[in-house]
Amino acid sequence: MDKELVKISKYISMILRHKPEEVGIELDENGGWVNVSDLIDALDYKGVQLTAETLDEIVYHNTKDRLSFNEDHSRVRANYGHSIPVLNDLEPVIPPVVLYHGTALKYLESIKRQGIVSKTRQYVHLADELETAKLVAIRHGKPVILNVYALKMNENGFKFYKAANGIWLTDHVPLEYFKDRNEK
């Protein structure tokens, strides 16, 4: 995907995750869906040229799987990362034994006091691949990877969801369920 489409993709993701009011749209509370035509019209009003074909390219060729369509392509949504209230339409899934959380060293002390919390997002994001967690961590500073004992959490009543792009979601990871990979 070329740089301009990546830029538009990030903008659409920001709108659908955090600020739909910025372009004058409302998201469906059940999953955060918006009509494709409403999104295109709203972005056009803001000076962002977008066609249904370009939106198709953005949805299907984005390596981060930020967005998805409904079955008939009439609606689109952000797959994860919402800071606004959107009901999760995902079914709980049994996670693997260990998942990974990528963060920066500057946040580690806070995490060790309160656990891994979602902060401004609805869910804590976890990865089932170490490399994915590392890529997330590097964006925020000196990387730290935490092992999250997800299956044990699940056995103790915590719910996990798997987004369309493979990111694992949970509400909170208490202190007793993770360990810094660098600690002995």
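Residues numbered from 1 in each chain as written. Predicted model: local features only at pLDDT ≥ 70, side-chain atom pairs only at ≥ 80, totals over all residues. Heavy atoms only, no water.

A.B. asks: Help me understand the layout of surface pockets, please; the structure alone is not making it clear to me.
C.D. replies: It is a probe the size of a water molecule, rolled over the atoms, that shows where empty space is left. One number sums up the size of the largest pocket: a volume of about 1,000 Å³. If you trace the largest pocket, you find 36 residues lining it, with Arg121, His125, Val136, Arg139 and His140 closest to the centre. Secondary-structure elements contributing two or more residues to the lining of the largest pocket are strand 4 (99–104), helix 4 (105–114), strand 5 (116–117), strand 6 (124–126) and helix 5 (130–138). Across the lining of the largest pocket, the residue classes tally to 14 nonpolar, 14 polar and eight charged. (1 Å grid on protein atoms, 1.4 Å probe; cavity = no way out; pocket = protein on both sides within 12 Å on 5 of 7 lines; lining within 4 Å. Points joined across faces, edges and corners; volume = space filled by probe spheres on them. Helix = DSSP H or I, 4+ residues; strand = E, 2+ residues; numbered from the N terminus. Nonpolar A, V, L, I, M, F, W, Y, C, P; charged D, E, K, R; others polar.)

A.B. asks: Honestly, the packing of aromatic side chains in this entry has me stumped. Any pointers?
C.D. replies: Centre-to-centre distance and the angle between the planes together describe a pair of aromatic rings. According to the stated counting rule, one finds three aromatic pairs in the structure shown. Measuring from centroid to centroid gives 5.5 Å for Phe158 and Tyr177, while their planes differ by 70 degrees, and the two rings are edge-to-face. Placement of Phe158 in the loop between helix 6 (150–155) and strand 8 (161–162) and of Tyr177 in the loop between strand 10 (172–173) and strand 11 (178–180) is noted, with a sequence separation of 19 residues between them. By relative accessible area, Phe158 is classed as partly exposed at 25%. Overall, the relative accessible area of 7% leaves Tyr177 in the buried class. It is Lys119 that lies over the ring of Tyr107; its NZ or CZ is 4.4 Å from the centre. (Phe/Tyr/Trp six-rings, centres within 6.5 Å; stacked < 30°, edge-to-face > 60°. Buried < 20%, exposed > 50% of the residue type's maximum accessible area, 1.4 Å probe, protein only. Lys NZ or Arg CZ within 6 Å of the ring centre and 35° of its normal.)

A.B. asks: Just to check I follow, could you spell out the side chain of Arg17 for this structure?
C.D. replies: Inspection of the secondary structure assignment puts Arg17 in helix 1 (residues 3–17). In this structure, Arg17 is in contact with Arg66, Ala78, Tyr80, Gly81, His82, Ser83, Ile84 and Arg121, ignoring residues within four places of it in sequence. (Contact = heavy atoms within 4.5 Å.)

A.B. asks: Explain the nonpolar core here, please?
C.D. replies: It is characteristic of soluble globular proteins that their nonpolar side chains tend to be buried jointly. Counting 24 residues, the largest nonpolar core has Ile12, Leu16, Ile25, Leu55 and Val76 as its most contacted members. Broken down by secondary-structure element, the contributors of at least two residues to this core are helix 1, helix 2 (36–45), helix 3 (52–61), strand 2 (67–69) and strand 3 (75–78). Discounting residues that sit within four places of it in the chain, Ile12 has contacts with Leu39, Leu43, Leu50, Leu55, Ile58 and Leu67. Judged by nonpolar contacts, the second largest core, of 16 residues, contains Leu99, Ile116, Val148 and Ala150. (Core = buried A, V, L, I, M, F, W, Y, C linked by side-chain atoms within 4.5 Å.)

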